[in-house]
Amino acid sequence: MRCLEKTATVLLLMILSFSVNAMASDQQTALQSPTHGAAGDRHTGLLYAKAASKEPQSTSKTHEEPSKDHGSGHANLGEVLPLWSCIPFACMLLSIALFPLAAPDFWHHHFGKVSAFWAASLGIPFLIAFRGAALYEILHIVLADYVPFIILLWSLYTVSGGILLRGTLRGTPIVNVVMLIIGTVLASWMGTTGAAMLMIRPFLRANNYRKNRTFMVVFFIFLVANIGGSLTPLGDPPLFLGFLHGVTFFWTFKIMPHMILVVITLLVIYFMVDTYYYRKEGAAAPEEEGIKEPFKLDGAHNFIFLAGVVGSVLISGMVDWGEVNTLGVHRAVQDWVRDGLLILMGILSLVTTRLAIRQDNEFTWFPIIEVAYLFIGIFITMIPCLLILKAGPHGALAFLINGVTEPKHYFWVTGGLSSFLDNAPTYLTFFNTALGSFYSGMTEAQAVPLLMEENAVYLKAISAGAVFFGACSYIGNAPNFMVRSISEESGTPMPSFFGYIVKYALIFLIPCFALVTLIFF
């Protein structure tokens, strides 16, 4: 172990030395080089966002808007950073994928240190090379993205952990399909995270007598934790961000045909696979000592707190109470209030729910601790990726941004990036790209209604891509990793990071998305 720690220390020092020199060199080159030419003028999404922010608008100022306030007063680092600055992020993902397989005991006890290692390998040279601008970006992603992310997950995990469905419920293929349908429907109205945290424990308990359970949880992630959140802004963060930028609340119902196609296809596949294993196992619902326990819901008062969580998130996007400067990062007052209310909902759930309910629910803090430790590393290491993406045609991904011209391009590129990066800024980047392509020179308040009506297929492609493709990896959407962690803790084996992608996402999801492209885009 000491040898491993010394090796990690030496590796970190080498990375820091190389990164500082290389970043400093890139910064000097960027400062001496002329401004980007007109090569990317055809796609003016980022320029549109900047120009629109200077013009008067009838809509109130939205909060946490990456293309407007993000980085205000600081150099646009996304235009300077090279693609190799994303290497720590790739290494973070590789660690999540490989360590549980190659060194499971080490990973179980030291995953937090691994996350800190890669965060430091990016953060330290980033700070040395860009100083104040880098400090701002790190503080911004921590205060405006990571902290609200963890607070929301913690509150939903805590509240849902106090709701216990008792009774004899056994997971036959038909029962499982019904539970998946219920979770999928709930996801659009209480959020994918809320629906996943509420449904995963009953789903696991119903199938605890089955031998092959891994595929069940994977399809649960596909449907409940991702695709089910397609219909309203409450369902998934990118749709909520679109709502804040002027997309009407029920407009997202226009991607219902896309959602229904994917959901029905996946449910049919699931039913066939579940039926096959059910018969192969010779599975039969065991008798509970000859007595069937009637259904009973304990901790039902937690639904009040669950409604409070959903209401707090919705209201935070509908009001404008100004903003406050925290360590140089401007955040809307209503966002801080929302975070406070979410914490309050979680505390009230803890105080008012009997400990025996949580014990019977097999509730522990390990899943949320694991997610908190790993995602701080993920959020910090993906800073260069997001900055480059937000730089649009002036960043290192200009070749990708400039190649997005048709609805199918928007669907696949938005989706592909959303599979591994934060789908909210990815959505906003291509949302602004579409606005700039079709309505350059207009304010956002003028352009968004036209985009919804005249070029709705592009907005459908962006919205569907950002939501659907979140199911392609464990880090594609907030609840994915939580569901995986809860399932593993309950005794259900889960595939590795790449195993999930290769054995399930590529086999089941990508053909569904190809079918969506063929029919709709």
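For the structure itself, consult the block above.
Now for a description of the structure that goes with this document. (Residues numbered from 1 in each chain as written. Predicted model: local features only at pLDDT ≥ 70, side-chain atom pairs only at ≥ 80, totals over all residues. Heavy atoms only, no water.)

In this structure the tally under the stated criterion is seven salt bridges. Note that Asp-274 is salt-bridged to Arg-210, the shortest N-O span being 2.6 Å. With Asp-274 in helix α10 (residues 256-281) and Arg-210 in the loop between α7 (192-206) and α8 (214-223), the pair connects residues that are 64 residues apart, well separated along the chain. Each member of the pair, Asp-274 together with Arg-210, is buried. Notably, a salt bridge pairs Arg-210 with Glu-281, separated by 3.1 Å at the nearest N-O pair. (Salt bridge = Lys/Arg side-chain N within 4 Å of Asp/Glu carboxyl O. Helix = DSSP H or I, 4+ residues; strand = E, 2+ residues; numbered from the N terminus. Buried < 20%, exposed > 50% of the residue type's maximum accessible area, 1.4 Å probe, protein only.)

If you walk through the whole model with that rule in mind, you get 45 aromatic pairs. Each ring, one from Tyr-157 and one from Trp-365, has its centre 6.4 Å from the other, and the planes form 55 degrees; the classification is tilted. Of this pair, Tyr-157 sits in helix α5 (residues 132-160) while Trp-365 sits in the loop between α13 (355-360) and α14 (366-381), and the two are 208 residues apart along the sequence. The ring of Phe-363 carries the charged tip of Arg-358 above its face, separated from the ring centre by 5.0 Å. A cation over an aromatic ring shows up here: Arg-484 above the ring of Tyr-474, its NZ or CZ 5.0 Å from the ring centre. (Phe/Tyr/Trp six-rings, centres within 6.5 Å; stacked < 30°, edge-to-face > 60°. Lys NZ or Arg CZ within 6 Å of the ring centre and 35° of its normal.)

Of the strand pairs in this sheet, strand β3 (residues 323-326) and strand β4 (residues 329-332) are connected by four bridges, and their pairing is antiparallel. If you follow Asn-325 over to β4, its bridge partner there is His-330. What sits between the antiparallel neighbours β3 and β4 is a turn of two residues, in which Leu-327 has the positive phi angle 55 degrees. (Pairing = 2+ DSSP bridges.)

As a further point, take the nonpolar core. With 149 residues, the main nonpolar core has Phe-126, Phe-222, Leu-266 and Phe-468 as its most contacted residues. Ranked by residues supplied to this core, first place goes to α5 with 13 residues. If we skip the residues at most four places from it in the chain, Leu-266 touches Phe-219, Phe-222, Leu-223, Ile-227, Phe-508, Leu-509 and Cys-512. (Core = buried A, V, L, I, M, F, W, Y, C linked by side-chain atoms within 4.5 Å. Contact = heavy atoms within 4.5 Å.)

For the rest of this paragraph, the subject is the packing of α5 against helix α15 (residues 383-390). At their nearest, the axes of α5 and α15 sit 11 Å apart, and the two run at 100 degrees to each other. As summarised for this structure, α5 and α15 are arranged roughly perpendicular, according to the angle between their axes. Within the contact between the two elements, α5 uses Glu-137, Ile-138 and Ile-141 and α15 uses Ile-383, Leu-386 and Leu-387. Among the residues making up the contact of α5 with α15, the classes are represented as five nonpolar, no polar and one charged. (Axes fitted to C-alpha atoms, helices over the stretch in contact; angles between N-to-C directions. Parallel < 35°, antiparallel > 145°, perpendicular 65-115°, else oblique. Nonpolar A, V, L, I, M, F, W, Y, C, P; charged D, E, K, R; others polar.)

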